[in-house]
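Per-entry structural report
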Amino acid sequence: MRPIRFAVFALAALVVLSLGFALIPAEKPAPAEPPFSERARAAAFSAALDLRAAGMELASAGAADSTAVDPVVTLLTIQARALMSPGAASVTGAPTVPAAGPPQASPQAGASPASVAGPRNTAELVQALATSGTIRLRDAETADGGMARLLAGAGTAQLIAAGRLAAAAGVPAPQGTPGPDAEAPGTAAAASPCPSPSVQAMLSPAPSGTPASAPPASAPSAKDSAAPGTAPGTRQALAAAVSAEQRAVYGYQAALPRLAPAEAGPASEFLGVHKDLAAAAAERLRAACGGPVPQQPGYVLDPGFLAAPAAGLGKLEAATLASYGDVVAVSQGQDRTWALAALRSAAGRALRWGADPGPVPGLLLDTGQLPALPAGTGLAPSPAAS
């Protein structure tokens, strides 16, 4: 009997031990770090809220002119709504945003040594806006597709807002803010790995019935060849940028004889910029194995363009922003860096002619479709902003 009892006790002990091991929860693995684009979005969202709260606080305390700060608050409200996480609007009981602090650093950077205190006057708010805009543009160089476009537009608009606020308040504008003197990007395109049309013609056999000496029927299309490392859609976006620049050149040529002498000088300079941009976009298109974009003999200009050419040029410049936003969204590396600089350059020229580049230049934004900010995000802004 003793061996049987021993076996029963041993079996019971084994069962108890096995149940104990089964009931002990396993250690949960550490959560994976969010992708760079998500971290960049969260940092941009937090910075927009912080700057928005700082602007409202300065205006309410009388430390800044509300007529100059209110447009900045409206801009930051729209940007924060655009940068919200898709699920944030449905979260109830959202915590109150902390007191305004310095702009959130790029996800690539370490902890910011800056003080936790927010801007104390208009000059500091101007600098904080410019710093945030620069960070957003830097993050746009690395972020994925659509997020890169959103960050690029947000950063460009914040730099513009910094320049406008500085001018309104009579404080120095930070370096890098787009303005009338914004220059076109000069980054050279990488050497093309694609064969030139003449080489392609020599390598391709002539179709039957066609003399060997006859020229090819057409140059190889973008679909027929692809440069190594070229992101999908880059060729189409670059071709659209070439077309937009060709249209801009035509518009400036039509407007120049009708502009006042004070406006003809900048317009002549900008015409040269557009010619350079068209050539640069065409060179990048060739490097991406895209076919040439034919020059149209003419373009239909907006009604009233010739009667008010300065305003027409502003609309023309603003129309090129979406093209460069598309290039930012689909390109990588040097092409994206070039498009980011071109986007800022175009925004500065649109501003010169009195056009509004919008809250996110390069992105057609329907503010009516954006989610509202959660409760507790600071003082109530103007109805247009919320």
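Each remark here, short or long, concerns the structure printed above.
What comes next concerns the included structure. Note that the coordinates shown come from a computational prediction; the quantities given were computed from them, not determined experimentally.

Re the packing of aromatic side chains
- If you walk through the whole model with that rule in mind, you get four aromatic pairs.
- Ring centres 6.5 Å apart and planes at 90 degrees place the aromatic pair Y252 and F270 in the edge-to-face group. Linking Y252 in helix α7 (residues 234–255) with F270 in helix α8 (residues 261–287), this pair joins segments that are 18 residues apart in sequence. Of the two residues, Y252 and F270, neither departs from the other in class, the shared state being buried.
- A ring pair is formed by Y324 and W338, whose centres lie 5.6 Å apart and whose planes are at 70 degrees; its orientation type is edge-to-face. Highlighted residues: Y324 in helix α9 (residues 309–330) and W338 in helix α10 (residues 333–352), separated in sequence by 14 residues. Both residues of the pair, Y324 and W338, belong to the buried class.
- Over the face of the ring belonging to W353 we find R352, whose NZ or CZ atom lies 4.6 Å from the ring centre.

Comments concerning the pattern of salt bridges
- Applying the stated rule across the entire model yields seven salt bridges.
- For E317, the salt bridge identified is with R349, shortest N-O distance 3.1 Å. You can see E317 sitting in helix α9 and its partner R349 sitting in helix α10, a full 32 residues away along the chain. R349 carries the same exposure label as E317, and that label is buried.

Thoughts on the environment of L277
- Tracing the sequence through the fold places L277 in helix α8.
- Once the C-alpha coordinates of L277 and E245 are considered, the two residues, 32 residues apart in sequence, prove to be 6.7 Å apart.

Rules and cut-offs
Residues numbered from 1 in each chain as written. Predicted model: local features only at pLDDT ≥ 70, side-chain atom pairs only at ≥ 80, totals over all residues. Heavy atoms only, no water. Phe/Tyr/Trp six-rings, centres within 6.5 Å; stacked < 30°, edge-to-face > 60°. Helix = DSSP H or I, 4+ residues; strand = E, 2+ residues; numbered from the N terminus. Buried < 20%, exposed > 50% of the residue type's maximum accessible area, 1.4 Å probe, protein only. Lys NZ or Arg CZ within 6 Å of the ring centre and 35° of its normal. Salt bridge = Lys/Arg side-chain N within 4 Å of Asp/Glu carboxyl O.

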